[in-house]
Amino acid sequence: MSDDEQVVLVERQPERRTALVRLNRPKQLNALNGAVMDELCAALEALDQDDTVRAIVVTGNERAFAAGADIGEMADATPIEMLLTNRIGQWDRIRRITKPVIAAVNGWALGGGCELAMTLDLIVAGEGAKFGQPEIGIGVIPGAGGTQRLTRAIGKAKAMRMILTGDPITAAEAERAGLVTLVTQDELVVEDALALAATIAEKSPIALRLAKEAVNAAHEMGLTEALAHERRLFYLLFASEDQKEGMAAFLEKRPPDFRGR
């Protein structure tokens, strides 16, 4: 199958212990239909099991990260069809990825595209990127986490405005609001996201996994419960070889050699 026929492309970078996953429906601005979501989830799950990969970048192209869901697939759907096809359930597979995943966003990240970026762990955006939840304009609401993740990321007031008007915000606005990790030049988005992934990939894979789990718990638990969870994860790391190596390297003033054990 040629690259033109594949809706998701995967490029491993073993020297950096990273991988680049590219959405590949340029004519449709990477609209997220069932095939894209199936292949994206399968690609991320395969990379999650690949010990040579420690951090992942997901991107689109210069025009769009993903300009929403494929409306043609669902325009005439019934509630039962939506339930049985489990369209939204695919997103839970992405939530279960244990390795750090960075969204590298150029152009439009709208609707499902914005929700996808928010489902990942960090967002590197080009100066010209736009983020939005325009579902209200077609008679529905965000259904893949938009009302929940956006509100947690930028607060009720700003989320209400975006969701009720459908108006997008710029990358600079998204960074100020706390939605975006880093804004960079449009032509450097993928390069800078991969550089960030490579920096992350230098760390202990076990510590990265538990750090991601702990930060996510901060959104989903009360403070007392989340603090107790953090403490358990911290203690657990003392059973790892990486903890012994990391602390020994610090005391010996040398770079650590983390093995993921």
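Before reading further, recall that the structure is shown in the block above.
Just so you know, the residues in each chain are numbered from 1, in the order the chain's sequence is written. Two thresholds apply to this predicted model, a pLDDT of at least 70 for residue-level local features and 80 or more for giving and counting side-chain atom pairs, whereas whole-chain, interface and lining totals are computed over all residues. Remark: hydrogens and water are excluded; side-chain values derive from all non-hydrogen atoms of the structure.

Asks: I'd like a rundown of the sheet that holds strand β9 (residues 169-170), residues and numbers included.
Replies: The pairing criterion is simple: DSSP has to find at least two bridges between the two strands. A run of H or I in DSSP counts as a helix once it spans at least four residues, and a run of E counts as a strand once it spans at least two, with each numbered from the N terminus. Strands sit in the order β4-β6-β8-β9 across an open sheet of 4 strands; the sheet is mixed. Looking at which strands have only one partner, the edges of the open sheet turn out to be β4 (64-66) and β9. In this structure, strand β6 (residues 108-110) lies alongside strand β8 (residues 130-132), joined through 3 bridges in parallel fashion. Within β8, the residue paired with W108 across the bridge is K130. Whether two residues touch is decided by their heavy atoms; if any such pair falls within 4.5 Å, the residues are in contact. To obtain each axis, a line is fitted to C-alpha atoms, and for helices this fit is confined to the stretch in contact; angles are then taken between N-to-C directions over 0 to 180 degrees. Its contacts with the sheet place helix α5 (residues 112-119) against β4, β6 and β8, and it is angled at close to 90° to β6.

Asks: Lay out helix α1 (residues 34-48) in plain terms, naming residues and giving numbers.
Replies: Take the residue count of a helix, subtract one, and multiply by 1.5 Å to get its expected span. The end-to-end C-alpha distance of α1 is 21 Å, a good match for the 21 Å that 15 residues give at a rise of 1.5 Å each. Tucked into the core, α1 has its buried residues touching β1 (8-13), β2 (18-23), β3 (55-59), α4 (90-95), β5 (101-105) and α5.

Asks: Could you give an account of the layout of surface pockets, naming the residues involved and the relevant values?
Replies: Here the largest pocket defines a volume of roughly 1200 Å³. As for the largest pocket, its lining consists of 38 residues, and the residues nearest its centre are M118, T119, L120, D121 and N216. Elements supplying a minimum of two residues to the lining of the largest pocket: α4, α5, β7 (122-126), α6 (146-154) and α10 (205-220). Looking at the lining of the largest pocket element by element, the count peaks at 10 residues for α10. Amino acid classes used here: Ala, Val, Leu, Ile, Met, Phe, Trp, Tyr, Cys and Pro are nonpolar; Asp, Glu, Lys and Arg are charged; the rest, including Gly, are polar. Of the residues contributing to the lining of the largest pocket, the split by class is 19 nonpolar, 9 polar and 10 charged. Computed from the structure, the second largest pocket encloses a volume of approximately 730 Å³. Cavity: a set of points on a 1 Å grid over the protein atoms alone where a 1.4 Å probe fits but cannot get out. Pocket: an open set with protein on both sides within 12 Å along at least five of seven lines, its lining residues, like those of a cavity, having an atom within 4 Å of a point. What lines the second largest pocket is a set of 31 residues, among which A69, I71, M74, M82 and I88 lie closest to the centre. Broken down by secondary-structure element, the contributors of at least two residues to the lining of the second largest pocket are α1, α2 (71-74), α3 (79-85), α4 and α5. Its residues assigned to classes, the lining of the second largest pocket comprises 17 nonpolar, 8 polar and 6 charged. Grid points are joined across faces, edges and corners, and a volume is the space filled by probe spheres set on the points.

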